[in-house]
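Inside the fold
Below are the chains, spelled out letter by letter.
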There are 2 protein chains.
Amino acid sequence: MADRKHALPVSRKEDFSAWYQAVTAGADLAENACVRGCMVIKPYGFAIWERMQAIMDAKFKELGHCNCYFPLLIPVDLFEREADHVAGFAKEMAIVTHHRLEQRDGKLIPASPLETPLAIRPTSELIIGESMSRWIKSYRDLPVLINQWCNVMRWEMRTRLFLRTSEFLWQEGHTAHETEEEARKEARTMHDVYYWFVHDILKISCIPGKKPDHDRFAGAVDTFSIEAMMQDGKALQAATSHYLGQNFARAMNIQFQGRDDKLHLAHTTSWGSTTRLIGGLIMVHSDDDGLNLPSEVAPYHVVIIPLLKGSDRDDDIVSFCHSIKRAIEKSARVFIDLKEAEAQNKKWDYVRKGVPLICEIGLRELEDQSVSIIKRASNLEKLRIPLNKFEEQIEDMLIEHDKILQQKNEEYFRENTRDDIKTYSELKELFETENKFVIAKWSGSQENVNLLDEIGITIRCIPRQQSNAKGKCILTNEDADMDVILAKSY
Amino acid sequence: MADRKHALPVSRKEDFSAWYQAVTAGADLAENACVRGCMVIKPYGFAIWERMQAIMDAKFKELGHCNCYFPLLIPVDLFEREADHVAGFAKEMAIVTHHRLEQRDGKLIPASPLETPLAIRPTSELIIGESMSRWIKSYRDLPVLINQWCNVMRWEMRTRLFLRTSEFLWQEGHTAHETEEEARKEARTMHDVYYWFVHDILKISCIPGKKPDHDRFAGAVDTFSIEAMMQDGKALQAATSHYLGQNFARAMNIQFQGRDDKLHLAHTTSWGSTTRLIGGLIMVHSDDDGLNLPSEVAPYHVVIIPLLKGSDRDDDIVSFCHSIKRAIEKSARVFIDLKEAEAQNKKWDYVRKGVPLICEIGLRELEDQSVSIIKRASNLEKLRIPLNKFEEQIEDMLIEHDKILQQKNEEYFRENTRDDIKTYSELKELFETENKFVIAKWSGSQENVNLLDEIGITIRCIPRQQSNAKGKCILTNEDADMDVILAKSY
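These remarks concern the structure in this document. (Residues numbered from 1 in each chain as written. Chains lettered and ligands numbered in written order. Predicted model: local features only at pLDDT ≥ 70, side-chain atom pairs only at ≥ 80, totals over all residues. Heavy atoms only, no water.)

Scanning chain A from terminus to terminus reveals 13 helices and 25 strands. Its C-alpha atoms give chain A a radius of gyration of 26 Å, within 12% of the compact-globule value 23 Å for 490 residues. Judged by the C-alpha coordinates and their principal axes, chain A covers about 80 × 65 × 55 Å. Buried positions account for 60% of the 490 residues belonging to chain A. Across chain A, every contact between residues at least 6 apart in sequence was considered, and the portion connecting residues at least 24 apart equals 69%. Of the roughly 20400 Å² of accessible surface on chain A, a fraction of 46% belongs to carbon and sulfur atoms. Of the side-chain charges in chain A, 64 are positive and 76 negative, and the distance between the mean point of each set is 1 Å. (Helix = DSSP H or I, 4+ residues; strand = E, 2+ residues; numbered from the N terminus. Rg over C-alpha atoms; globule rule 2.2 N^0.38 Å. Buried < 20%, exposed > 50% of the residue type's maximum accessible area, 1.4 Å probe, protein only. Contact = heavy atoms within 4.5 Å. Areas by Shrake-Rupley, 256 points an atom, 1.4 Å probe, with all protein chains shown as cover. Lys, Arg positive; Asp, Glu negative; His and termini not counted. Charge placed at Lys NZ, Arg CZ, Asp CG, Glu CD.)

What follows covers the side chain of B:Lys441. All names here are of chain B. Mapped onto the fold, Lys441 is located in strand β21 (residues 437-442). A relative accessible area of 12% places Lys441 in the buried class. For Lys441, the residues in contact, after removing those within four places along its chain, are Ser467, Ala469, Lys470, Gly471, Lys472, Cys473, Ile474, Ala480, Asp481, Met482 and Asp483.

Once chain A is rotated about the relating axis by 180° and shifted along it by 0.0 Å, it coincides with chain B to within an RMSD of 0.0 Å. In symmetry terms, the pair is related by a two-fold rotation axis. Of every C-alpha in chain A, the one belonging to A:Val96 sits nearest the axis of rotation, 2.0 Å from it. In this assembly the copies share their binding face: 100% of the residues contributing to the interface of chain A also contribute to that of chain B. (Least-squares fit on C-alpha atoms with pLDDT ≥ 70 in both.)

On to the packing of helix α2 (residues 43-62) of chain B against helix α7 (residues 276-285) of chain B. All names here are of chain B. One can describe the packing of α2 onto α7 by two numbers: an axis separation of 10 Å at closest approach and a directional angle of 110°. Judged on the interaxial angle alone, α7 and α2 are roughly perpendicular. Residues Gly45, Ile48, Trp49, Met52 and Met56 of α2 pack against Leu277, Ile278 and Leu281 of α7. (Axes fitted to C-alpha atoms, helices over the stretch in contact; angles between N-to-C directions. Parallel < 35°, antiparallel > 145°, perpendicular 65-115°, else oblique.)

What follows covers the sheet that holds strand β21 (residues 437-442) of chain A. All names here are of chain A. Strands sit in the order β3-β7-β8-β14-β11-β10-β9-β22-β25-β21-β20 across an open sheet of 11 strands; the sheet is mixed. The sheet terminates laterally at β3 (66-67) and β20 (417-418), the two strands that pair on one side only. Packing of helix α4 (residues 125-135) onto the sheet brings it into contact with β7 (144-153), β8 (167-177) and β14 (267-274), and relative to β7 it is tilted by some 150°. (Pairing = 2+ DSSP bridges.)

This next bit is on the sheet that holds strand β17 (residues 357-361) of chain B. Residues and elements named next belong to chain B. Strand order in the open sheet formed by five strands is β16-β15-β17-β18-β19, with mixed pairing between adjacent strands. In this open sheet, the two edge strands, each paired with only one partner strand, are β16 (334-336) and β19 (381-386). Taking the axes of each pair of neighbouring strands and ignoring which way they run, one obtains an average angle of 25° across the sheet. Sheet topology places strand β15 (residues 302-306) next to β16; three bridges connect them, and they run parallel. Opposite Val303, over in β16, you have Phe335 as the bridge partner. With respect to the sheet, helix α8 (residues 314-328) is in contact with β15, β16, β17 and β18 (370-375), its orientation differing from that of β15 by roughly 165°.

Judged by how many residues are buried, α7(B) sits mostly within the fold: 10 of 10 residues are covered. For α7(B), the set of buried residues is B:Arg276, B:Leu277, B:Ile278, B:Gly279, B:Gly280, B:Leu281, B:Ile282, B:Met283, B:Val284 and B:His285.

Time to look at the interface of chain A and chain B. Each partner contributes residues to the interface: chain A has 64 residues there, and chain B has 64 residues. Summing both sides of the interface, chain A and chain B together bury roughly 5200 Å²; the carbon and sulfur share of this comes to 67%. Where chain A meets chain B, there are four salt bridges. Linking A:Glu50 and B:Lys61 is a salt bridge whose minimum nitrogen-to-oxygen distance equals 3.0 Å. Taken together, the connections running from chain A to chain B amount to 31 residue pairs in polar contact (both at pLDDT 80 or more). Where strand β5 (residues 95-104) of chain A lies against strand β5 (residues 95-104) of chain B, three bridges are found, and the strand directions are antiparallel. Residue A:His98 lies in a different strand from β5(B), and its bridge partner there is B:Ile95. (Buried area = accessible area lost by both parts, 1.4 Å probe. Salt bridge = Lys/Arg side-chain N within 4 Å of Asp/Glu carboxyl O. Polar contact = N/O pair within 3.5 Å; in protein donor to acceptor, adjacent residues only side chain to side chain.)

With that out of the way, let us pick up the environment of B:Trp271. All names here are of chain B. Examined against the element boundaries, Trp271 turns out to sit in strand β14 (residues 267-274). With a relative accessible area of 1%, Trp271 lands in the buried category. In this structure, the C-alpha to C-alpha distance between Trp271 and His242, residues 29 residues apart in sequence, is 5.9 Å.

What follows covers the pattern of salt bridges. Applying the stated rule across the entire model yields 70 salt bridges over all chains. A salt bridge links A:Lys470 to A:Asp481; the nearest nitrogen and oxygen atoms lie 3.7 Å apart. With A:Lys470 in the loop between β22 (458-463) and β23 (471-472) and A:Asp481 in the loop between β24 (479-480) and β25 (482-487), the pair connects residues that are 11 residues apart, well separated along the chain. Looking at A:Asp481, the relative accessible area reads 42%, which means it is partly exposed. When the shortest N-O distance is used, the salt bridge between B:Glu178 and B:Arg259 registers 2.7 Å. Taken as a pair, B:Glu178 in the loop between β8 (167-177) and α5 (180-201) and B:Arg259 in the loop between β12 (255-257) and β13 (263-265) lie far apart in primary sequence, 81 residues in all. Residue B:Glu178 is classed as buried on the basis of its relative accessible area, which comes to 17%. Here the salt bridges do not stand alone but share partners, grouping A:Asp28, A:Glu31, A:Lys42, B:Glu130 and B:Arg134 into one network.

Once that is clear, we can look at the packing of aromatic side chains. Residues and elements named next belong to chain A. Inspection of the entire model under this criterion finds 20 aromatic pairs over all chains. Members of the aromatic cluster, connected to one another through ring pairs, are Trp49, Phe60, Trp149 and Trp271. The ring centre of Tyr44 lies 4.2 Å from the NZ or CZ of Lys353, which sits over that ring. (Phe/Tyr/Trp six-rings, centres within 6.5 Å; stacked < 30°, edge-to-face > 60°. Lys NZ or Arg CZ within 6 Å of the ring centre and 35° of its normal.)

What is shown is where atoms sit, not what they do.
Spelled out as C-alpha cells, the structure:
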C-alpha cells in the first residue's frame with residue numbers, strides 16, 4: 001500500500017514521544033490520574049496485563065513458587081538495617097505519617113500522627129525478609145520460594161504512562177536458599193524465565209546480561225537484566241533478577257541451623273517485572289497505525305464487526321457473525337462488536353488497539369459464507385476467504401501474525417546494533433545524531449565511566465553471550481576482553 | 001469415634017477466639033506482620049484467596065464487567081466533595097504527607113512535604129468517579145461496568161487476622177448507569193452474585209437482605225449485605241452491594257447527555273468483597289481439628305502421603321503415589337508430599353489445613369493397589385478402597401464432602417436462629433447468655449434503636465425474604481410487619 005493515511009495523528013519519525021502517547025491513547029490503554037505521577041490502567045490496558053500475569057504466574061508456580069501477600073506499609077526504621085538499600089530508595093518514598101483526617105475550617109487536614117512513620121513499599125526485600133527470619137529455622141525449611149503481585153510506589157518527578165509512574169503494578173519474587181550456588185542458580189533461572197517471556201511470548205528481541213557493579217539493585221551482589229531496543233533506538237530494561245548474597249539475610253537476621261548444626265545466614269534472591277513491560281510492548285511493536293499485540297497477550301485475537309444497513313437482513317448478518325465466532329473460538333479469543341457506532345470508526349479503533357485479525361461481515365460475506373479479514377501486522381492487508389477455510393487456517397494466521405511482529409523487530413534490532421565503534425570519540429559522534437545499541441569492549445574499571453554520562457548513555461549490561469575476542473576498552477583504551485552493550489535508555 | 005484427641009490445642013467451646021487463632025495458625029494461613037494492624041497472607045491462605053478470586057472474577061466478566069486499576073492514593077481534597085462519605089471514613093485513613101526520607105543523626109525521618117496530603121484508598125468511589133466523569137459523555141457511553149482487585153486501608157485499633165486488619169485485599173466493582181432502574185438492577189444482581197458465591201460455592205448458610213438506613217455505606221442510598229452465622233452465633237457481613245443513587249455522580253460530576261439531549265447525572269453502584277471471607281470460611285466450617293475447606297476453594301482436594309520406611313520398596317511406593325495422582329488429577333487437584341518429615345506429622349498438618357481427602361500410601365496399599373483415605377469432613381473417617389474405585393468415585397467423594405460441610409452448617413444455622421422472641425426484655429435476656437440470630441419485627445423507626453446498642457446487638461439486615469405476617473415492633477411495641485435479623489456481629 002503506497003501513501004495511505006495512517007490511523008494515528010503523529011508518526012514515529014515525526015515525534016517519537018508524541019507518537020507513544022498517541023498509541024497509548026488510541027488503544028485506550030491508560031490515562032494520567034488526577035493524582036500526580038499516577039496512572040489509571042483502563043480495561044484494554046489491564047486486559048493485556050492480566051494476560052501477562054496469567055502466563056508468568058503459571059511459569060512461576062511450575063517452578064515451585066507460591067504467591068503470598070505482605071504489607072503495603074514498611075516501618076521506616078526497617079530501612080535503617082540495610083545502608084545501600086535505603087540509599088537507593090530514600091529519595092523516592094511516599095511516607096505515611098498520620099492515620100486520621102480532621103475537618104478544620106471546612107478543610108480536611110491530617111490528624112493523629114504515627115509514632116513511627118511508615119513507607120509505602122518501593123520493593124519488599126525488608127518486610128519479606130522480616131517474615132523469612134521467623135519462618136526459617138533449619139536447612140529443612142529451605143528453599144523458601146515466594147512471589148507477590150502487588151502495587152509499589154517510587155516517587156517520580158517526571159512521569160510517563162507505563163514507563164515511569166509513581167505507583168506501578170508488578171510481581172516481586174523473593175527466595176531464600178541454603179547455599180550461594182543454589183541462590184545464584186535461582187537468580188539465573190528467573191533471568192531465563194524473563195528472557196523467555198520477553199523474547200518468546202512478547203516477541204521482543206533483547207539481550208540478557210549482568211549489570212555493571214555501579215548499576216546494581218540497591219543492596220544486591222549481582223543484578224541481571226533483559227535489555228530490549230525500542231523503535232527510537234533506546235534501551236528499556238524489561239525485568240531484573242538479583243542475587244542478594246547474604247546482605248538482606250544479615251540485615252533481617254535470616255538464619256538457619258545447617259547440616260553441620262551451626263547457624264548460617266541464608267542466601268537470598270529477588271526478581272521483578274512490572275507494568276513497564278506494556279510500555280516496552282508499545283514501543284517495540286506499534287507502528288503509525290497504533291498498537292500491535294503478540295497473540296499470547298492480545299485480549300482478543302479476532303474482532304468481528306457486523307456491517308449493518310438497517311435492512312431486514314441485519315439479523316442474518318448478526319447470526320452469521322455468531323457462526324463465525326463459534327467456528328473459531330476453540331482456537332482464538334473472539335469478540336463481536338455489536339455496539340451502535342459507525343463500522344468504519346470501529347474498524348480504525350481496532351486497528352489502533354492492535355487486534356491481530358479484524359473481520360468485517362456484511363451482506364456479501366453472508367451470501368457466500370465468507371469472511372473479510374484485515375491483517376493488522378501485514379500493513380492492514382485485506383483478504384476474503386470462505387468461513388471453512390478461516391476455521392482451518394485461524395491458528396496458522398495467528399502464528400503468521402506473531403512471526404511478522406518478531407521478524408520486524410529482529411530486523412530493526414539487527415540494523416540498529418553496531419559492533420564497529422572502537423573509540424570514545426566515535427561513540428560520542430554516533431550518539432550526537434543517532435540512538436543505537438553499541439557492542440563495545442570494557443575493562444570493567446570505574447575509570448572514565450563518567451564519560452558515558454556526558455553523552456547520556458550507560459552500560460546497559462554485560463551480555464551473557466560474550467564474543468571472547470580481545471580488544472581495547474572503549475573508555476580507557478586498556479586491553480579488554482569483556483563485551484558490553486552501550487545505549488541511551490528509558 | 002469416641003473421645004479421641006483433637007488436632008488443635010483448644011476447642012470452639014473452651015475459647016472461641018483462641019480457637020480461631022489456632023485454626024488460622026494450624027493451617028498456616030496468615031500471621032500478624034511487624035507493621036501494626038497488618039497481616040502477612042501466607043502461601044496456603046493466599047492460595048484460597050486465589051481460588052476465590054478466580055471464581056468471582058470469571059462471574060464478574062461473564063456479566064460484562066472489565067477489570068481496571070486506579071491509583072492507591074487519593075488527594076485529600078477529593079473527600080471534601082461527599083460529606084457523608086468522608087464522615088464515614090475520616091477516622092480511619094492512612095495519610096501520606098511526605099515523599100522522601102532523610103538521614104538525620106543516624107535516623108530516617110520524613111522529608112519533602114506534599115502540598116496536598118494523599119489518603120491511601122479506604123475505597124475508591126471518589127477516584128473512580130473522577131475518571132468516570134471524563135469517560136462518560138453520552139448515554140451511549142453507559143453503562144460503565146468496572147472492577148478492580150486491590151489493597152485498601154482502614155486504620156483499625158483492634159485487629160484480628162482476616163476479620164479486621166488495617167490493610168486488606170478486596171475487589172471493588174463500580175458501575176454507572178443511565179437510569180435508577182438499571183442501577184438498582186445492577187446492585188441487586190451483584191447482591192445475587194455474592195449470595196451465590198457465599199452460599200453455593202463456600203457452602204455457607206446466609207441471609208441476603210438490605211441494611212437499615214442507619215447502617216448504610218457512607219454515601220449510599222441503599223446497602224445490601226449477606227449475613228452469615230459463625231459458630232459462636234455471631235453474624236459476619238460477607239459482602240456488600242450499594243445503590244449509590246446520584247450522590248457520587250453529583251460529587252464527582254458524572255454527567256451525560258441523555259436521549260432527550262439534556263444533561264443528566266448518572267446513577268452509580270458499588271459492590272465489594274474482601275479477604276474477610278476467609279475469616280468467615282474459617283469460623284463457619286472449621287472444627288476442633290482445624291480448617292475444613294469446600295472443594296471449590298480448596299488449594300488441594302487430595303494430598304498423598306507416602307509412608308516410607310527406608311526400605312528398597314520406597315521407590316515403588318513413590319511410583320504408586322504418582323500412579324494415584326495420574327488416575328485422579330483430571331477430576332481433582334492433587335499434591336504428593338515428598339518432604340522429609342514424619343508421616344504422622346504430615347497427616348495432622350493436612351487435617352489442620354482442611355484437605356478434603358488425605359491418602360496414606362504404604363507397602364500394604366502398594367501390594368494390593370489400594371488407597372487408604374481419611375475423609376476430613378466425616379470426623380476423619382478412614383476407608384481403604386482399590387485404586388480403580390477411587391478413580392471412579394473421586395468426584396462423588398468431593399460432592400459428598402461439600403454436602404457434609406453444607407449440611408452441618410445448615411443445621412447449626414437452623415438451631416441457632418430464633419423466631420420466638422417477641423419483646424425487648426426477652427431479647428435482652430437471651431443475649432445475656434447466648435448469641436443467636438433473632439428474626440423479629442421492626443417498625444422501621446429510629447426510635448429506641450439505641451436499646452440494641454445497650455445489649456451489643458445490631459439489626460443485621462432486612463431479609464429479602466419477608467414473612468409478611470403482622471406483629472409488634474420489638475423496640476417500640478407499635479404495629480410492625482417488617483422482619484429483621486438481630487444479632488451480635490464481627
